[in-house]
Every structure is written in C-alpha cells, then in structure tokens.
Amino acid sequence: MPLTPLDIHNKEFTRGFRGYDEDEVNEFLDQVIKDFENVIQEKNELFTKVNELEERLEHFSNIEQTLNKSILVAQESAEEVRRSSKKESQLIVKEAEKNADRIINDALNKSRKIELEIEELKKQASVYRMRFKMLIEAQMEMLHNDDWDEVAALGTEKEEEKQSLYAGSQKKVD
C-alpha cells in the first residue's frame, strides 16, 4: 500500500542510545511530506487533464461517427435524387462529398491535435518520473557515501580517547 503524506507525518522512530538528531529527522520528513504532496497534486492534475482529453477525444469520435452516418444518409439521398434527375443528382453528390471531406478533414485534424497533446502529456509525465527517480537515486547515493562511515569512525575514536583518559584518571585515584 503506497505511503500518504499523513503516513510520513505520523511515522514514529524508536529511540536508541545516541540516536539520530530528532530536529534533523523531522526537518527531513517535513521536506519529504511537502515534496510528496506536490507529487500527488501534480499526479491528480495530470489525471484530470488526461480524463478531460479522453472526454474530448470521445466527443470527436462521436462527431466522426455522426459524420460517417451523415455521409451515408447523404449518399442515399443522392441516389434518390439521381433517379429523379441525373443532372441535379450529380451536383448534389459533388457538394455533399466536398462538405463531407471538409468535415472529416476538420475532425481528423482535431483528432491529431488531441493525440499530439496526449503524447506531450505522456512525455512530460515520463520526464517528471525520470527527474524524480534521479532525485531519489542522488539521495540514496548520499546515504551510501563513505563520508558517513568516516564521521562514525571519528566519533568512535573520540569516544575511545575519552574512555582511555577516564580509565587513566581512575588508576591515579586508586
């Protein structure tokens, strides 16, 4: 089950001897919550836009079907007119074909524009995903950096020095 910003906010860490700096952890969690909320908001906006574009595409598909049906009706009408008058039917058929081609071309152009918009949205979503992945990888790389081990080793050396000084002072007291 995916995390929510509230899950991150309410996360409690167990305390250990010489544990993490609580302010630093809370500050980091606040930043993660903020970024996570932004990602969710952007995701919801993209879903909304995709849904709107899909509705528009469906609308134009319906128009295309209606136009196709209209073309069929126009062709049937043209056949009736042809029976009554050959010359008059030829003019009607030509005019109907011109209008139908224009309407179909307009619908196809609109459909192509919508397809381009959808592809652009897909590209933007892919770029955003790649950037977010790179950010996470960079953060993971920072966590796996050897500098952390050096800091921990330095802390251990200082602690050992304190203990040896303390032990030396205890021997003098005895």
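Structure first, text after, so check above.
This structure is a prediction, so every number in the text was calculated from the model and none was measured. Sequence order as written defines the numbering, with residues in each chain counted from 1. Residues qualify for local features only when their pLDDT is at least 70, as the model is predicted, and side-chain atom pairs are given and counted only at 80 or more; totals for whole chains, interfaces and linings, by contrast, use all residues. Side-chain metrics in this entry use all non-hydrogen atoms of the structure; hydrogen atoms and water are not considered.

Caption draft 1: Spatial organisation of the overall build of the chain. Numbering of helices and strands runs from the N terminus, with a helix taken as a DSSP run of H or I at least four residues long and a strand as a DSSP run of E at least two residues long. Across its full length, the chain carries 4 helices and 0 strands. Along the chain, from the amino end to the carboxyl end, the secondary structure elements read α-α-α-α. The globule rule is 2.2 Å times the number of residues to the power 0.38, and the radius of gyration it is compared with is taken over C-alpha atoms. Whereas a compact globule of 174 residues would reach a radius of gyration of roughly 16 Å, the chain reaches 35 Å, over 25% beyond that. With the C-alpha coordinates aligned to their principal axes, the bounding extent of the chain is approximately 130 × 30 × 20 Å. Buried, partly exposed and exposed residues are distinguished by accessible area as a fraction of the type maximum, computed with a 1.4 Å probe on protein chains only: under 20%, between the cut-offs, and over 50%, respectively. Relative to its 174 residues, the chain shows a buried fraction of 10%. Here, two residues are considered to be in contact whenever any of their heavy atoms come within 4.5 Å of each other. When contacts within the chain are restricted to residue pairs at least 6 apart in sequence, those whose partners lie at least 24 apart make up 72%. Surface summary for the chain: the accessible area is close to 15500 Å², and the carbon and sulfur share equals 54%. Counted as positive: Lys and Arg. Counted as negative: Asp and Glu, with His and the chain ends omitted from the count. The location of each charge is read from NZ of Lys, CZ of Arg, CG of Asp or CD of Glu. A gap of 10 Å separates the mean positions of the 27 positive and 40 negative side-chain charges of the chain. Accessibility throughout is a Shrake-Rupley quantity obtained with a 1.4 Å probe, and a residue counts as covered only by protein chains that appear here.

Caption draft 2: Local environment of helix α3 (residues 86-143). Any helix carries an expected span of 1.5 Å times its number of residues minus one. An ideal rise of 1.5 Å per residue puts 86 Å on 58 residues; α3 measures up with 84 Å between its terminal C-alpha atoms. Here the buried face of α3 lies against α2 (22-84).

Geometric values such as these leave the question of function open.
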